[in-house]
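Coordinates in review
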Number of protein chains: 4
Amino acid sequence: MVDLTLEMAEKALKGAQAKARELGAPMAVAVIDEGGNLVLLAKQDGAGFLTPDIARAKAFAAAAFRRPTKVMAENYQSNPLFWSSLAAVQPGRLLPGTGAVPILRGGRIIGAIGCSGGTGEQDHVCAEAGAVAMGG
Amino acid sequence: MVDLTLEMAEKALKGAQAKARELGAPMAVAVIDEGGNLVLLAKQDGAGFLTPDIARAKAFAAAAFRRPTKVMAENYQSNPLFWSSLAAVQPGRLLPGTGAVPILRGGRIIGAIGCSGGTGEQDHVCAEAGAVAMGG
Amino acid sequence: MVDLTLEMAEKALKGAQAKARELGAPMAVAVIDEGGNLVLLAKQDGAGFLTPDIARAKAFAAAAFRRPTKVMAENYQSNPLFWSSLAAVQPGRLLPGTGAVPILRGGRIIGAIGCSGGTGEQDHVCAEAGAVAMGG
Amino acid sequence: MVDLTLEMAEKALKGAQAKARELGAPMAVAVIDEGGNLVLLAKQDGAGFLTPDIARAKAFAAAAFRRPTKVMAENYQSNPLFWSSLAAVQPGRLLPGTGAVPILRGGRIIGAIGCSGGTGEQDHVCAEAGAVAMGG
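Residue numbering note: each chain is counted from 1, following its sequence as written. Chain labels run from A onward and ligand labels from 1 onward, assigned in the order the entries are written. Given that the model is predicted, a residue must reach a pLDDT of at least 70 before its local features are reported, and side-chain atom pairs must reach 80 or more before they are shown or counted; all residues, however, enter totals for whole chains, interfaces and linings. Each side-chain value is worked out from all heavy atoms of the structure, with water and hydrogens disregarded.

Here the focus is the overall build of chain A. Here a strand is any run of E in DSSP of at least two residues, a helix any run of H or I of at least four, and the numbering for each starts at the N terminus. Counting its secondary structure elements, chain A contains five helices and four strands. From first element to last, N terminus to C terminus, chain A shows the α and β order α-β-β-α-α-α-β-β-α. The globule rule used for comparison is 2.2 Å times the number of residues to the exponent 0.38, while the radius of gyration itself is calculated over C-alpha atoms. Compactness check: chain A gives a C-alpha radius of gyration of 14 Å against a globular reference of 14 Å for 136 residues, within 12% of the reference. Each of the three principal axes of chain A carries a C-alpha extent, and together these read 35 × 35 × 20 Å. Each residue gets one of three labels from its accessible area relative to the maximum for its type: buried under 20%, exposed over 50%, partly exposed in between, using a 1.4 Å probe on protein chains only. Taken across its 136 residues, chain A has 55% of its residues classed as buried. By the convention used here, residues are in contact when the closest approach between their heavy atoms is within 4.5 Å. In chain A, 66% of the contacts between residues at least 6 apart in sequence involve partners at least 24 apart.

The following block contains the structure:
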């Protein structure tokens, strides 16, 4: 078993931040471990004050459901009661919104990365760039 | 960088209150700073007892997302789960509803003003009147 | 029956703010009505970002128990379980701390004023100055 | 007025992390701005999963009360009810515990740094090392 270390998280963070700079969209980037707990969170200058909490809660959703939050969107619409009730299971920790992807290592999910500050699509692209930068 | 002072907030409050009197819709008006923290909140006689908290939480949403809450409305409808879940991230602080706008100074957002007590459209008009009165 | 109007609250606020300036201790001042609901809240420049919430929650305690929060202090020590449980009855709304007094009109309590930003004693003196300024 | 940038926060983080390594006590370190909002948070390998939230909430307390949380300790003991009730005012955001200090720049408080993972005293020493490393 491989734990998501701070060193790995830093690589993912840098990858996501570089992509955000490229897009001109300052972001908060959160990296959590497979237990859903925070390892690293940084807000770039110019990103809104709520973006760190949003980035983290999106990453939590990606880790909990083991897929990019982007692909959960269809499911939200067909199961609204499930998802709205789910948000109350651990209040404030889970946010179903595009912009977070799992982090893999050797085919196994060891955490997730979430971004907030741009459009949903920009957030998703940055999260993916972070996961790739970690070399999963 | 410019801080939102109490004096600026008082100007915004007076502008919003004058518009509310003109509309015949007593309101609560809240002014918060760029970090989402309260600077000034006043409830006009006749406005309901929950309006101060609603005004404040709408202003929080406008400051966090840096746009009038009115223009977020389409997004609410396409992403209801995101918004309902988001409300739990900082419990009781954020309310996505028409009636709040950012406050600008020199092109930069330094806070937000939120109103509650009338229809959504009346709340929005009063918030805008407040922002204009501050001369941003 | 007399309601606490916004005009009365403004007088109380000004009285408390003047005393705070005299003491050189910038403060948040909150005025609530007899139902415990907010009428007016203002944070002077230089007061901390949490002072508005503290001022309000102290005023709530003074209104609920119909006495200055300062004189509740002995009771806290003899009934710790009561008071700590009480804080959970309306979570975050009630704060037992020196710095708030009831507002009277014709011998009847119609609200309360709470201050935060100085020492407990400074907060208390400003709250009293506010109540006096309202001419209760 | 000076904003706490991510670059400043990174310097503070590195200073605190270096001290934590020296002490052999892996820690979470959180840096927040003067409005109480998160800028940077990192958990060193080996620190417990709750340490990031604890570090952040201690930093919030130091920023809100503008002093090291360590010097608040006497006050906790004489006013336990105030502090336990205060924790509910902004739920989950404030933790009164040793291990966080304000960050100064030109004599003005622009944020705070909080640490969690060691003893209270170790946490405090690391937070101070972070503030010093930022060169306030």
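The rest of the description comes next.
A few words on the confidence of the model for chain A. For chain A, per-residue confidence averages 93 on the pLDDT scale, and residues scoring 70 or more make up 98% of the total. Across the whole predicted complex the pTM is 0.95, and at the interface the ipTM reaches 0.94. Confidence scores here are pLDDT values: one per residue, from the predictor, ranging 0 to 100.

Residues are said to line a cavity or pocket when one of their atoms sits within 4 Å of a point; the points come from a 1 Å grid over protein atoms alone, cavities being sets where a 1.4 Å probe fits but cannot get out and pockets being open sets with protein on both sides within 12 Å along at least five of seven lines. Grid points are joined across faces, edges and corners, and a volume is the space filled by probe spheres set on the points. Applying the stated criterion across every chain, the model contains one cavity of 30 Å³ or more. Volume-wise, the largest cavity comes out at about 30 Å³. Residue lining of the largest cavity: B:Q90, B:P91, B:R93, D:Q90, D:P91 and D:R93, and that is the complete set. Any residue outside Ala, Val, Leu, Ile, Met, Phe, Trp, Tyr, Cys, Pro, Asp, Glu, Lys and Arg is labelled polar, Gly included; the first ten of those are nonpolar and the last four are charged. Looking at the lining of the largest cavity, its residues break down into two nonpolar, two polar and two charged.

Across the sheet, which stays open at both edges, the eight strands sit in the order β3(A)-β4(A)-β1(A)-β2(A)-β2(D)-β1(D)-β4(D)-β3(D) with antiparallel pairing between neighbours. At either margin of the open sheet sits one strand with a lone partner, and together these are β3 (100-105) of chain A together with β3 (100-105) of chain D. On average, each strand axis in the sheet is tilted by 20 degrees relative to the strand beside it, whichever way the strands run. Direction of pairing for strand β2 (residues 38-43) of chain A relative to strand β2 (residues 38-43) of chain D: antiparallel, over a ladder of three bridges. What sits directly across from A:L41, in β2(D), is D:L41. Only the stretch in contact is used when a helix axis is fitted, and all axes are lines through C-alpha atoms; the angle between N-to-C directions ranges over 0 to 180 degrees. Helix α2 (residues 51-65) of chain A contacts β1 (28-33), β2, β3 and β4 (108-116) of chain A together with β2 of chain D of the sheet and is inclined by roughly 150 degrees relative to β4(A). Against the sheet, helix α1 (residues 6-23) of chain D makes contact with β2 of chain A together with β1 (28-33), β2, β3 and β4 (108-116) of chain D, and its axis sits at roughly 30 degrees relative to β2(D), the strand it touches most. Between any two strands, pairing holds if DSSP finds at least two bridges.

Here we take up the sheet that holds strand β2 (residues 38-43) of chain C. Taken together, eight strands build an open sheet; the order of strands is β3(B)-β4(B)-β1(B)-β2(B)-β2(C)-β1(C)-β4(C)-β3(C) and the sheet is antiparallel. A single partner strand is all that each edge strand has here, and the edge strands are β3 (100-105) of chain B together with β3 (100-105) of chain C. In this sheet, neighbouring strand axes are inclined to one another by 20 degrees on average, regardless of whether the strands run parallel or antiparallel. Bridge analysis of β3(B) against strand β4 (residues 108-116) of chain B gives six bridges, and the strand direction is antiparallel. Residue pairing across strands places B:L104 opposite B:I109, the latter belonging to β4(B). Across the sheet, helix α5 (residues 120-133) of chain B lies against β3 and β4 of chain B, angled at about 140 degrees from β4(B), the strand it touches most.

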